[in-house]
Amino acid sequence: MCGFISIFGPGDSDAIHDVLSGLLAIQHRGQDAAGIVTFKDRFQAKKGLGLVREVFQEKHLQRLHGPLAVGHVRYPTVGLGEDTDVQPFWLDYPVGVAMAHNGNVTNFHELKRTYFGQRQIRLASNCDLEAVLYVFADSLMRRGVKPITADDAAAATKEVFDRVKGAYSVVGITADGMYAFRDPYGIKPIIFGKKVTPEGTWYACASESVVLDVAGYEKVRDLAAGEMLWIGQDRVPQFRQVGDKPHRPCIFEYIYFSRPDSFLDETSVYEARMELGRRLGRAFAETGHTADVVIPVPESAKTAGQTMAEVLGLPCREGFVKNRYIGRTFIMPNDKARQDSIRAKLNPIRAEFEGKNVIILDDSIVRGNTSRQIVKIARQMGAAKVFLASYSPPLLFPCLYGIDMSTKREFVARDRTNKEIAAELGADYVIYQTIEEMVDAVRTAGNGKLEFCKACFEGVYPTGDITEGMIHDIEVDRMAASKS
Ligand code: AMP
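Residues numbered from 1 in each chain as written. Predicted model: local features only at pLDDT ≥ 70, side-chain atom pairs only at ≥ 80, totals over all residues. Heavy atoms only, no water.

Caption draft 1: Local environment of the pairing of strand 1 (residues 3-8). Within strand 1, six of the six residues are buried, leaving the element largely enclosed by the surrounding structure. In strand 1, alternate side chains face the same way, and those of Gly3, Ile5 and Ile7 on one face and Phe4, Ser6 and Phe8 on the other are all buried. Pairing between strand 1 and strand 4 (residues 68-74): six bridges, direction antiparallel. Note on strand 4: the bridge partner recorded for Ser6 is Val70. Where strand 1 lies against strand 10 (residues 200-206), four bridges are found, and the strand directions are antiparallel. Bridging from a neighbouring strand, Phe8 pairs with Tyr203 of strand 10. (Buried < 20%, exposed > 50% of the residue type's maximum accessible area, 1.4 Å probe, protein only. Helix = DSSP H or I, 4+ residues; strand = E, 2+ residues; numbered from the N terminus. Pairing = 2+ DSSP bridges.)

Caption draft 2: Structural view of the packing of helix 5 (residues 129-142) against helix 6 (residues 150-163). At a closest axis distance of 8 Å, the pairing of helix 5 and helix 6 adopts a crossing angle of 135°. Judged by the angle between their axes, helix 5 and helix 6 are oblique. For the crossing formed where helix 5 meets helix 6, the hand is right-handed. The segment helix 5 lies against helix 6, with Val132, Val135, Phe136, Ser139, Leu140 and Arg142 engaging Asp152, Ala153, Ala155, Ala156, Thr157, Glu159, Val160 and Arg163. When grouped by side-chain class, the residues that make up the contact of helix 5 with helix 6 number eight nonpolar, two polar and four charged. (Axes fitted to C-alpha atoms, helices over the stretch in contact; angles between N-to-C directions. Parallel < 35°, antiparallel > 145°, perpendicular 65-115°, else oblique. Left-handed = near helix turned anticlockwise from the far one by under 90°. Contact = heavy atoms within 4.5 Å. Nonpolar A, V, L, I, M, F, W, Y, C, P; charged D, E, K, R; others polar.)

Caption draft 3: Expanded view of the site of the ligand. Taken together, 17 residues lie near the ligand, and Asp362, Asp363, Arg367, Gly368 and Thr370 sit nearest. Contact distances for the ligand include 2.8 Å between an oxygen atom and a backbone N or O atom of Val366. Calculation on the ligand without its partners gives an accessible area of 500 Å², and the protein chains cover 95% of this total. Ranked by the residues each element gives to the shell around the ligand, the list is headed by helix 8 (residues 252-257), at three residues. For the shell around the ligand, the class distribution of residues is nine nonpolar, five polar and three charged. (Near = heavy atom within 4 Å. Polar contact = N/O pair within 3.5 Å; in protein donor to acceptor, adjacent residues only side chain to side chain. Areas by Shrake-Rupley, 256 points an atom, 1.4 Å probe, with all protein chains shown as cover.)

Caption draft 4: Expanded view of the sheet that holds strand 6 (residues 97-105). Overall, antiparallel pairing links the six strands, which are arranged 5-6-7-8-12-13 in an open sheet. Strands with a single pairing partner mark the edges of an open sheet, and in this sheet they are strand 5 (89-91) and strand 13 (238-241). Neighbour-to-neighbour, the strand axes of this sheet turn through a mean angle of 20°, independent of strand direction. Taken together, the four bridges between strand 7 (residues 166-174) and strand 8 (residues 178-181) define a ladder with antiparallel strand orientation.

Caption draft 5: Seen up close, the domain arrangement of the protein. By the assigned domains, the protein splits into domain 1 (3-248) and domain 2 (268-453). Between the C-alpha centres of domain 1 and domain 2 there is a distance of 34 Å. With 13 residues of domain 1 at the contact, the number on the domain 2 side is 13 residues. Regarding the contact of domain 1 and domain 2, the summed buried area is about 1200 Å², with carbon and sulfur atoms giving 61% of it. If you sort the residues of domain 1 by the area they bury against domain 2, Gln31, Tyr75 and Arg248 come out on top, with a joint share of 42%. For the interface between domain 1 and domain 2, the tally reads three residue pairs in polar contact (both at pLDDT 80 or more). Partitioning the side of domain 1 that touches domain 2 into residue classes produces three nonpolar, eight polar and two charged. (Domains from an automatic or database assignment. Buried area = accessible area lost by both parts, 1.4 Å probe.)

Caption draft 6: Layout of the packing of helix 9 (residues 269-285) against helix 10 (residues 302-312). One way to put it is that helix 9 packs onto helix 10 with a least axis distance of 7 Å and a crossing angle of 35°. Relative to helix 10, the crossing made by helix 9 is right-handed. From helix 9, Tyr270, Arg273, Met274, Gly277, Arg278, Leu280, Gly281, Arg282, Phe284 and Ala285 reach across to helix 10, where they touch Thr303, Ala304, Thr307, Met308, Val311 and Leu312. Within the contact of helix 9 with helix 10, the residues separate by chemical class into nine nonpolar, four polar and three charged.

Caption draft 7: View of helix 9. Taking 1.5 Å per residue as the helical rise, helix 9 with its 17 residues ought to reach 24 Å, and the 24 Å between its terminal C-alpha atoms agrees with that figure. Listing the buried residues of helix 9 in full gives Val269, Ala272, Arg273, Met274, Glu275, Leu276, Gly277, Arg279, Leu280, Gly281 and Phe284. Among the residues of helix 9, the N-terminal cap falls to Ser268, whose side-chain oxygen and the backbone nitrogen of Tyr270 are separated by 3.3 Å. (Expected span 1.5 Å × (residues − 1).)

And the structure:
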């Protein structure tokens, strides 16, 4: 899961400042690397490993000119986290095109063997974005070197959809304008917005609406599944519906990934989390267990913690204080690093645990590393009973669309009953949200009609083209990455 932004500013403007403030707003989507490519007469780039504020300095702002820009923060899912894999990527010849994506190409290995092998194209990295970039650029080139039109961009998008499988939402720029396309099933989000200033209109596409908020853009709308947007020199946004698949946005965006102040597909992430908390509270009330306090694991479970506690008539307390400078533990390179950093990241407040029956609420339990550690800490702090609550259902299946939970053996809930999971994590009791309640909760925070990708919970992959071979290839990649 990554974050991206593209901007097309008016006239002689420089888009770099908006891209930078946007990237800072979505730093939570990837802390591994960051990059920006702008265009003014030529592509100019700065990319590097680390946080946005570490990669970019004042001197880069002085040289990254132009009204067209695309930026990215990376959370590595394919590739070994090398600096050669840092996005955006671009080609200067035969058509100038720069690109960033969020998602995962599921037939990357097959494309390397076939499409790229036959054309003698040598990829410069291990990043699956190259698959999308080359197919897109090759299609544009075959349509002739000339100012790109919306029809050209739509035809190139169609060719990408035909050849490149998986879930990948894409934004980018060319010498002539800005483009974006949402993956055929709309699994990954793209939000389009604009800002009117005395100099003219600015356009932006981003992975979360919060980017538009902080950079002063008003949201126009989400791109639909399989929809493409092109804005050329006439500066008129042109939309084309290229794909014809059903819309299946990733439900995990609402559970964990997005910021609570974002709206995705007209659904407030904050409202969704409040409703998830309420429902889990009602379910807990029926178990017959009695608790004294709800302690959400910061930061993602804070919103749902409030409503779960409300429903149960309990206080919601800050039992863990988070050191916000350590970063997301999940995004650490391997298990050992993750475990060490959980303890350093979450420090308990003894008074909230001592002698109490505590409900510790988290958004999800993946490998169980976080839960195991926090249950241990709760006991060290003198908790009488520790109830572990997850406002999402048990994670059981690899996400093949870009969320780093790709290897089956990693899931603590796999092949275990709730009782066994509780024993494994050291808790007195474990409660999960059901799939039905989760879907209904997120739906009610939006227009009530969305159907989601929930493959990680139930193993049904909406793209319908996932083979055992693909799962194997991705597992091998992930195992290699976690050892590196
Ligand atoms: P684990 O310790 O492996 O059970 O991870 C669970 C924790 O990681 C939860 O506290 C979540 O907030 C967080 N988390 C869940 N899914 C992801 C993900 N795909 N990427 C990063 N963090 C995640």
